[in-house]
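# Structural features, examined
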Amino acid sequence: MTDARQNAGADDERVMSRTHDTEHGYAIEVSGLTKTYGAHTAVEDVSFAVRPGVITGFLGPNGAGKSTTMRMMVGLTPPSAGWCTVLGLGYRRLPNPGRHVGVLLDASAQHPGRTGREALTLAATVMGVDLDRVDEILDLVALTPAEARRRTGTYSLGMRQRLGVGQALLGDPRVLILDEPANGLDPAGIHWMRGLLRGFADDGGSVLLSSHLLREVEVIADELVVIGRGRIVAQGAKQELLASGGTLVRGVDDQRLATALTDAGIAFTSAADGGYLTQAPADQVAGAASAAGVVLVELRPAEGAGLEDMFLRLTADHSRENSQERARR
Ligand SMILES: Nc1ncnc2c1ncn2[C@@H]1O[C@H](COP(=O)(O)OP(=O)(O)OP(=O)(O)O)[C@@H](O)[C@H]1O
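Reference entry: report on the structure contained in this document. From a predicted model like this one, the values you see are computed outputs, not experimental measurements. (Residues numbered from 1 in each chain as written. Predicted model: local features only at pLDDT ≥ 70, side-chain atom pairs only at ≥ 80, totals over all residues. Heavy atoms only, no water.)

Our focus in this paragraph is the pairing of strand 3 (residues 55–59). The element strand 3 is largely enclosed, with a buried count of five among its five residues. Neither face of strand 3 is exposed, since Ile55, Gly57 and Leu59 on one face and Thr56 and Phe58 on the opposite face are all buried. Across five bridges, the pairing between strand 3 and strand 7 (residues 206–211) is parallel. Directly across from Thr56, in strand 7, lies its bridge partner Leu208. In this sheet, strand 8 (residues 223–228) lies alongside strand 3 in parallel orientation, the contact comprising four bridges. Residue Thr56 lies in a different strand from strand 8, and its bridge partner there is Glu223. (Buried < 20%, exposed > 50% of the residue type's maximum accessible area, 1.4 Å probe, protein only. Helix = DSSP H or I, 4+ residues; strand = E, 2+ residues; numbered from the N terminus. Pairing = 2+ DSSP bridges.)

All residues adjacent to the ligand are Tyr37, His40, Ala42, Pro61, Asn62, Gly63, Ala64, Gly65, Lys66, Ser67, Thr68 and Glu180. Take Ser67: an N or O atom from its side chain is 2.7 Å from an oxygen atom of the ligand. Contact between the ligand and Thr68: an oxygen atom at 2.5 Å from a side-chain N or O atom of the residue. About the coverage of the ligand: the protein hides 59% of its 640 Å² of free accessible area. (Near = heavy atom within 4 Å. Polar contact = N/O pair within 3.5 Å; in protein donor to acceptor, adjacent residues only side chain to side chain. Areas by Shrake-Rupley, 256 points an atom, 1.4 Å probe, with all protein chains shown as cover.)

A general tendency of soluble globular proteins is for nonpolar side chains to be buried together. The biggest cluster of nonpolar side chains holds 47 residues, and the ones touching the most others in it are Ile55, Leu176, Leu197 and Leu209. The greatest single-element share of this core, amounting to seven residues, is contributed by helix 7 (residues 187–202). Excluding its chain neighbours within four sequence positions, the residues that come into contact with Leu176 are Gly102, Ala168, Leu169, Leu197, Phe200, Ser206, Val207 and Leu208. (Core = buried A, V, L, I, M, F, W, Y, C linked by side-chain atoms within 4.5 Å. Contact = heavy atoms within 4.5 Å.)

Let's shift gears to helix 4 (residues 132–140). Regarding helix 4, the residues found buried are Arg133, Val134, Ile137 and Leu138. Summarising the axial view, the buried residues of helix 4 lie within an arc of 140 degrees, below the 170-degree limit, and thus occupy one face. Looking at helix 4, the residues exposed on the side facing more than 90 degrees away from the buried face are Asp132 and Asp139. Looking at the packing, one finds that the buried side of helix 4 touches helix 3 (116–127), helix 5 (145–148) and helix 6 (157–170). Downstream of helix 4 by a residue or two, Ala142 has a phi angle that is positive, lying close to 55 degrees. (Arc of directions from axis to C-beta.)

These figures capture arrangement, not role.
Structure, rendered in structure tokens:
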């Protein structure tokens, strides 16, 4: 073995031993990451951590800054400020990074002329992974032998995602960083992905995955980091974020209900599916409606409606319709 490879092996062992004993036990630490493009700030002061054994969803509408953050995390985009460590080291300092961190940033970035099998074989060779692993991975990501012989240029988006996830898993890493991995997958594919990532996390692995769909991450993630306009707007355990929704109330006549709430001094916002969201307790809301003679058809804990409401507002800020509206003004 050459000295360089021996050193890389020693480095590998150092990184492996750090998997479980980084100072705070985090697999990924992001601190103050910021990226400006000229006058535009794409990502501003983003900080969060990803723990082993946990799937962390990185959620935000289109253009919120998810991909830019992930590209900075893996050294593809230089940050304007801040830092990120994976297993206690900057990504670029990881020896043979694919053996420690599986990354999928753009499933369409495959060479279209290579077959799926060739893409995996090449990646395995570069990483020094036993070529038997290629068949294991093809099996794991459910690409059939016939599909593996096809050029990736003919693949559907869902097949490219499966291949990309396979590439990320090829080096048997402890950490996964996946940008919109469920994009293009059908419901069965999403179900498969959920099982795969859950098994990975249950074995002690750490997963950071991004999505612009609340429902998608809600079923997969244990913890959420929510980003809007380049800034973190919420983060924590999914159950806690979903539970912190306040009270949802709906009247036979929502207009009269709104007047009753206002008269009682109760602050509220419109809920996504009709009715209103408020932080006031249910008995206070019921009292205000009753005093005004307003008949209620629904009064219950909002259960995630707060998160959904916040996310819809973030999404609305970024929506194409809104941009067109702003452009017309
Ligand atoms: N190379 C670049 N030059 C200038 N602006 C950029 C560049 N890359 C990204 N941006 C801008 O940074 C912002 C964040 O983009 P980013 O792709 O990180 O968002 P995202 O949350 O990943 O969105 P999506 O869900 O659509 O992939 C956007 O306003 C985008 O236009």
